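These are the residues of each chain, in order.
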Amino acid sequence: MQDIKVEVGSHNRAVIDKLFGPLIFCRLRVTAEAKNCEWVIERERTQQDEEGNDVDFWEEVVRIDGQESISFREG
């Protein structure tokens, strides 16, 4: 297994898409929310509206404390 490093800023999101192989996973979206210093992880869901059309939306799954556990000091 290989790690893939993705660097995001406070105004970007990372979308993880796994479409190939024997299994297809739902897409994940990871946002670094600076306001609360949290990682927000969402998954893409599909539902049908009243007319039977598929509608995609993002459902929040979990929020994780994003603050680094070390303290930063000048000097």
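Residues numbered from 1 in each chain as written. Predicted model: local features only at pLDDT ≥ 70, side-chain atom pairs only at ≥ 80, totals over all residues. Heavy atoms only, no water.

**Student:** How do you make sense of the confidence of the model for the protein chain when you look at a structure like this?
**Tutor:** Caution is warranted with low-pLDDT regions, since their predicted coordinates should not be read in detail. The predicted model of the protein chain averages 88 in pLDDT, with 93% of residues at 70 or higher. Mean pLDDT values for the elements of the protein chain range from 93 in strand β1 (residues 13-16) up to 96 in strand β4 (residues 54-65). (pLDDT = per-residue confidence, 0-100. Helix = DSSP H or I, 4+ residues; strand = E, 2+ residues; numbered from the N terminus.)

**Student:** I keep staring at unusual backbone geometry and nothing clicks. Help me out?
**Tutor:** In terms of backbone geometry, most residues other than glycine have negative phi values and most peptide bonds are trans. We note that C37 has phi near 55 degrees; this positive angle belongs to a residue other than glycine. As for its position among the elements, C37 is in the loop between β2 (28-33) and β3 (38-48). Of the residues examined, C37 reaches a relative accessible area of 27% and is grouped as partly exposed. (Buried < 20%, exposed > 50% of the residue type's maximum accessible area, 1.4 Å probe, protein only.)

**Student:** Honestly, the pairing of β2 in this entry has me stumped. Any pointers?
**Tutor:** Strand residues, when the strand is regular, have side chains that alternate between the two faces of the sheet. Of the strand pairs in this sheet, β1 and β2 are connected by 4 bridges, and their pairing is antiparallel. Looking at β2, one finds that R13 is bridged to T31. Pairing between β2 and β3: 6 bridges, direction antiparallel. Considered in β3, the bridge of V30 is made with I41. Once β2 ends, the chain turns through 4 residues before running back antiparallel as β3, passing C37 with a positive phi of about 55 degrees. (Pairing = 2+ DSSP bridges.)

**Student:** Where do I start with the pairing of β4 in this structure?
**Tutor:** Sheet analysis places β3 next to β4, joined by 11 bridges and oriented antiparallel. By the bridge assignment for β4, E42 is matched with E60. Where β3 hands over to β4, the hairpin turn is made up of 5 residues, of which G52 adopts a positive phi near 85 degrees.

**Student:** Even after reading the chapter, I still don't get the environment of G66, so can you show me in this structure?
**Tutor:** Secondary-structure assignment places G66 in the segment after β4. A relative accessible area of 32% places G66 in the partly exposed class. Excluding residues within four positions of it along the chain, G66 makes contact with C37, E38 and W39. (Contact = heavy atoms within 4.5 Å.)

**Student:** Even after reading the chapter, I still don't get the layout of surface pockets, so can you show me in this structure?
**Tutor:** Empty space left among the atoms is revealed by rolling a probe the size of a water molecule over them. The computed volume of the largest pocket comes to approximately 250 Å³. Every residue along the wall of the largest pocket is listed here: Q2, I4, V6, V8, A14, V15, I16, V30 and W39. A per-element tally of the lining of the largest pocket places β1 first, with 3 residues. Looking at the lining of the largest pocket, its residues break down into 8 nonpolar, 1 polar and no charged. (1 Å grid on protein atoms, 1.4 Å probe; cavity = no way out; pocket = protein on both sides within 12 Å on 5 of 7 lines; lining within 4 Å. Points joined across faces, edges and corners; volume = space filled by probe spheres on them. Nonpolar A, V, L, I, M, F, W, Y, C, P; charged D, E, K, R; others polar.)

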